[in-house]
Amino acid sequence: MIKQISVDERILSANDLAAAENRALLHQHSVHMVNVMAAPGSGKTCLLLAAIRGLKDQVRVGVIEGDIASDIDTVKMRQEGVPAVQINTGGGCHLDALQVRKALEQLPLDEIDLLFVENVGNLICPVGFDLGETTRMAIASIPEGDDKPLKYPSIFHKVDALVISKIDLLPYIAFDLPEYRRLVASIQPELRVFETSVVTGEGISAWVDWLRTLKA
Amino acid sequence: MHELAVTESIISVVERHAREAQAQRVLRIHLRIGELASIVDDSVQFYFDQLSPGTLAEGAQLVFERLPISLRCRACGHCWQPSAGDWTCPACGASKAALAGGNEFQIDHIEVE
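Anyway, here's the lowdown on the structure attached to this text. Just so it is clear, the model here is predicted, and its values are computed rather than measured.

1. What to know about the overall build of chain B
Thought 1: Scanning chain B for helices and strands turns up 2 helices and 6 strands.
Thought 2: Written out in order from the N terminus, the α and β elements of chain B read α-β-α-β-β-β-β-β.
Thought 3: In summary, chain B has a C-alpha radius of gyration of 18 Å against a globular reference of 13 Å for 113 residues, an excess of more than 25%.
Thought 4: Taken over the C-alpha atoms alone, chain B extends approximately 55 × 30 × 15 Å along its principal axes.
Thought 5: Intrachain contacts of chain B at a sequence separation of at least 6 include 72% that bridge at least 24 residues.

This is the structure in structure tokens:
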């Protein structure tokens, strides 16, 4: 006999549960976690290094690095004197909450105020996986082109802040910045947007000032 | 491909519910997937065919209900479905869209015997 059973459960319910546990753990240790999502080559690592340099006198920063392979980004973070843990996904296109849990267990959480998670470079997959973060941030660089909000609305909808990187390249690339900002504002009216360049330093201090306010 | 992780989760949730119902096997799995979920049906089916043998879900049919992005303007109340990533209200021009649908990522129900 065929029976119909109501399930009505989120497909990623196991990840959601692990993320909720991460959130509780972080809250208990007064850590504010920022999930940083972006395409490969957007300048995530350079921006995070700039943030660490701007923050580290007042805010204790930690980093979880997600990459398919290698630990070169983690080495760079440690050279700045911040605790950093590498997650290698071995081909996986996103981080999940359980991988982050294992990384949290290796970090001195009582000595961290602001914890950045540098997700795997990808505009699609990381968006679906809650890690237990408090803030979600996307980075988008000028060379990626101004049509990304039209093609990938999901990431722009699901982040709290957007850092536009490499704005020093605007004179060389056909990128309609006002139209781009209009599109992202239409998708996420509450979005905070920062225009930055780590080369000229433009916009970095405004972004770092905002990050400082996140400190739990 | 996050479809692999998604498919593993589908099988795990479905098996738990099927076991609770003391079912012998799962015939159909009804999924509700919003357009914002960025999931490729064929890819989920491909992984499902690889991963389901030996589980209660072996041989089950995946039924995808696709839900479009639907928006409501917080300025004028207009409801619409955007064609691309420009969510400006076509009625009043405001950038105050609230998501009313398209974010679904659920297993709705299963058919078992």
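That was the structure; now back to the text.
2. As for the overall build of chain A
Thought 1: Scanning chain A from N- to C-terminus turns up 8 helices and 8 strands.
Thought 2: Relative to the compact-globule value of 17 Å for 216 residues, chain A shows a C-alpha radius of gyration of 18 Å, a close match.
Thought 3: Viewed in the frame of its principal axes, chain A has a C-alpha envelope of about 70 × 40 × 30 Å.
Thought 4: Counting every position in chain A, which comprises 216 residues, the buried fraction comes to 48%.
Thought 5: Considering only contacts within chain A whose residues lie at least 6 apart along the sequence, 75% involve residues at least 24 apart.

3. Points about the nonpolar core
Thought 1: Core analysis: the biggest nonpolar cluster contains 92 residues, and A:V117, A:A138, A:L162, A:V163, B:V14, B:V26 and B:I29 have the highest contact counts within it.
Thought 2: In terms of residue count, the dominant contributor to this core is helix α1 (residues 3-20) of chain B (7 residues).
Thought 3: Setting aside its immediate chain neighbours within four residues, A:A138 contacts A:M37, A:A38, A:I155, A:F156, A:V159 and A:L162.

4. Thoughts on the interface of chain A and chain B
It is common to give the size of an interface as the accessible area lost on bringing the parts into contact.
Thought 1: Listed as interface residues are 31 residues of chain A and, on the opposing side, 32 residues of chain B.
Thought 2: Secondary-structure elements contributing two or more residues to the side of chain A that touches chain B are β1 (3-10), α1 (13-28), α5 (148-151), α6 (153-158) and α7 (177-187) of chain A.
Thought 3: Per-element tally for the side of chain A that touches chain B: the top contributor is β1(A), with 8 residues.
Thought 4: Bridge count between β1(A) and strand β6 (residues 105-112) of chain B: 6 bridges; the pairing is antiparallel. Looking at the pairing, A:S6 lines up with B:H109 of β6(B).

5. Quick notes on the pairing of strand β3 (residues 70-73) of chain B
Residue and element names in this part refer to chain B.
Thought 1: Side chains of β3 alternate between two faces, with L71 and C73 buried and S70 and R72 left unburied.
Thought 2: Bridge count between β3 and strand β5 (residues 97-101): 4 bridges; the pairing is antiparallel. For C73, the partnering residue across the bridge sits in β5 and is A97.
Thought 3: Here β3 folds back onto strand β4 (residues 79-80) in antiparallel fashion, the turn holding 5 residues, of which G77 has a positive phi close to 85°.

Here is what the cut-offs are and how they apply
- Residues numbered from 1 in each chain as written.
- Chains lettered and ligands numbered in written order.
- Predicted model: local features only at pLDDT ≥ 70, side-chain atom pairs only at ≥ 80, totals over all residues.
- Helix = DSSP H or I, 4+ residues; strand = E, 2+ residues; numbered from the N terminus.
- Rg over C-alpha atoms; globule rule 2.2 N^0.38 Å.
- Contact = placed C-beta atoms within 7 Å.
- Buried ≥ 20, exposed ≤ 12 C-beta atoms within 10 Å, placed from the backbone.
- Core = buried A, V, L, I, M, F, W, Y, C linked by C-beta atoms within 7 Å.
- Pairing = 2+ DSSP bridges.

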